[in-house]
Amino acid sequence: FAITVGEEIKKRGLKILSLSGGSFDPTVSVDEGIAQLKRLIDNSVHCGSSNIQINDIGSMRQPELEPNYYKVIAECCDYGVEKGVSISLKPHGSTGAQCRAHVDRIGHKNLKLWYDPGNVMFFSAGKVNPVEDAEALDGVVVGMAVKDFRLPRTVMVTPGTGLVDFPALIPRLEKGGFQNGPLIIECVEEGDYSFIKNEAIKAREFIEQIIN
């Protein structure tokens with residue numbers, strides 16, 4: 001299936017900048033976890049993506065699984081280099097600063113951070129400000145999900161209309177070394193096709209005004 005997706009992408013003259021790998025099963029053995037993550041990396045190759053995003057384990061609320069989860073990621077970093085696929089940890093229950101601690105602990109050049117300000121606000125119920133969170137992210141961010149947030153708890157928000165302060169966040173990430181990585185718009189307001197298309201255009205124009 002991944003090969004088919006890659007072929008369809010090429011037919012349309014497009015390129016996948018990053019693949020959301022989600023996660024592997026943290027309840028299995030380390031060896032099986034490694035096999036699962038390697039399959040995700042292989043699928044990235046088949047799709048033509050040179051980066052894969054792996055969700056942090058924070059959303060699972062099972063701290064006893066954390067050591068083996070990150071051991072699997074650490075053990076697959078060299079495999080990613082071999083396949084030409086970089087691995088990026090994405091906040092999915094933790095803050096960016098908490099994810100950065102795992103990136104630093106593993107200490108492999110092939111593991112960085114894919115920031116997601118909308119997720120940081122969602123899982124903290126709006127209590128963590130991504131601009132403040134970004135203070136701890138210098139030197140590790142390689143991409144960002146342009147995802148906004150609105151109370152009580154939704155990320156199906158067109159960027160620029162929610163609580164994430166992108167005009168302050170993006171310059172702060174740039175100051176920390178995030179100069180030319182992808183800014184991928186992940187969510188907009190829900191609606192029919194025409195509405196979603198227009199919201200996506202608005203989101204792109206909003207981000208372009210910040211970076212230009």
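Model, not experiment: these values are computed from the prediction.

S.K.: Could you clarify how one ought to interpret the pattern of salt bridges in this entry?
M.R.: Any two side chains of opposite charge can pair, on the condition that their charged atoms come close. Under the defined criterion, the tally for this structure stands at 14 salt bridges. For the salt bridge of aspartate 104 with arginine 100, the shortest nitrogen-to-oxygen distance reads 2.6 Å. Of this pair, aspartate 104 and arginine 100 both sit in helix H4 (residues 96–106), four residues apart, which is roughly one turn of the helix. With relative accessibility at 44%, the residue aspartate 104 sits in the partly exposed group. Classification of arginine 100 by relative accessible area gives buried; the value is 17%. We note a salt bridge from glutamate 186 to lysine 147, for which the minimum N-O separation is 3.1 Å. Remark: lysine 147 occurs in the loop between strand S5 (141–146) and helix H7 (166–175) and glutamate 186 occurs in the loop between strand S6 (183–185) and helix H8 (193–211); sequence separation between them is 39 residues.

S.K.: How do you make sense of the sheet that holds S5 when you look at a structure like this?
M.R.: Each strand in a sheet pairs with another by means of backbone hydrogen bonds, the pair being arranged parallel or else antiparallel. The strand order across the open sheet built from six strands is S1-S2-S3-S4-S5-S6, with neighbouring strands paired in parallel fashion. Here the strands that pair on one side only, and so sit at the sheet edges, are strand S1 (19–22) and S6. Within this sheet the neighbouring strands show an average axis-to-axis angle of 30°, counted without direction. Bridge count between strand S2 (residues 51–55) and strand S3 (residues 86–90): five bridges; the pairing is parallel. Each bridged residue has a counterpart across the sheet, and for asparagine 55 the counterpart in S3 is lysine 90.

S.K.: Looking at this structure, I do not really get the pairing of S2. What am I missing?
M.R.: Side-chain positions along a regular strand alternate between the two faces of the sheet. The buried fraction of S2 is high, at five of five residues. Of the two faces of S2, the one holding Asn51, Gln53 and Asn55 and the one holding Ile52 and Ile54 are both buried throughout. Of the pairings in the sheet, the one linking S1 to S2 comprises three bridges and is parallel in character. Its bridge partner lying in S2, serine 20 is registered against glutamine 53. Once you follow S1 into helix H2 (residues 30–47) and on to S2, the crossover reads as right-handed.

S.K.: Looking at this structure, I do not really get the side chain of serine 18. What am I missing?
M.R.: Within the element layout of this structure, serine 18 appears in the loop between helix H1 (2–11) and S1. A polar atom in the side chain of serine 18 sits 2.9 Å from the side chain of glutamine 53. Filtering out sequence-adjacent residues up to four positions away, serine 18 remains in contact with Ser49, Asn51, Ile52, Gln53 and Trp114.

S.K.: Explain the layout of surface pockets here, please?
M.R.: Gaps left between atoms are located by rolling a probe of water-molecule size over the structure's atoms. Looking at the largest pocket, its volume works out to about 270 Å³. For the largest pocket, the full set of lining residues is Leu14, Lys15, Leu17, Gly181, Pro182, Leu183, Ile184 and Ile185.

S.K.: For this particular structure, what's the right way to read empty space enclosed by the protein?
M.R.: Within this structure, the stated rule accounts for one cavity of 30 Å³ or more. The computed volume of the largest cavity comes to approximately 40 Å³. Lining the largest cavity are Phe24, Asp25, Pro26, Val28, Ser29, Val30, Gly33, Asn68, Tyr69 and Val72. Contributing elements (two or more residues each) for the lining of the largest cavity: H2 and helix H3 (66–83). Across the lining of the largest cavity, the residue classes tally to six nonpolar, three polar and one charged.

S.K.: I keep staring at H3 and nothing clicks. Help me out?
M.R.: Each α-helix winds once per 3.6 residues, and so residues spaced three or four apart point in a common direction. Between its first and last C-alpha, H3 extends 25 Å over 18 residues, near the 26 Å set by a 1.5 Å rise per residue. Largest kink in H3: about 35°, centred on cysteine 77. Restricting attention to buried positions, one finds in H3 the residues Tyr69, Tyr70, Val72, Ile73, Cys76, Cys77, Tyr79 and Gly80. Residues of H3 that are buried in the fold lie against H2, S2, S3, H4 and strand S4 (111–115). Immediately downstream of H3, the backbone of glycine 84 shows phi near 75°, a positive value.

Basis of the calculations
- Residues numbered from 1 in each chain as written.
- Predicted model: local features only at pLDDT ≥ 70, side-chain atom pairs only at ≥ 80, totals over all residues.
- Heavy atoms only, no water.
- Salt bridge = Lys/Arg side-chain N within 4 Å of Asp/Glu carboxyl O.
- Helix = DSSP H or I, 4+ residues; strand = E, 2+ residues; numbered from the N terminus.
- Buried < 20%, exposed > 50% of the residue type's maximum accessible area, 1.4 Å probe, protein only.
- Pairing = 2+ DSSP bridges.
- Axes fitted to C-alpha atoms, helices over the stretch in contact; angles between N-to-C directions.
- Right-handed = clockwise from strand over helix to strand, strands pointing away.
- Polar contact = N/O pair within 3.5 Å; in protein donor to acceptor, adjacent residues only side chain to side chain.
- Contact = heavy atoms within 4.5 Å.
- 1 Å grid on protein atoms, 1.4 Å probe; cavity = no way out; pocket = protein on both sides within 12 Å on 5 of 7 lines; lining within 4 Å.
- Points joined across faces, edges and corners; volume = space filled by probe spheres on them.
- Nonpolar A, V, L, I, M, F, W, Y, C, P; charged D, E, K, R; others polar.
- Expected span 1.5 Å × (residues − 1).
- Bend = angle between axes of the 7 residues up to and from the residue.

Just distances and angles here, no functional claims.
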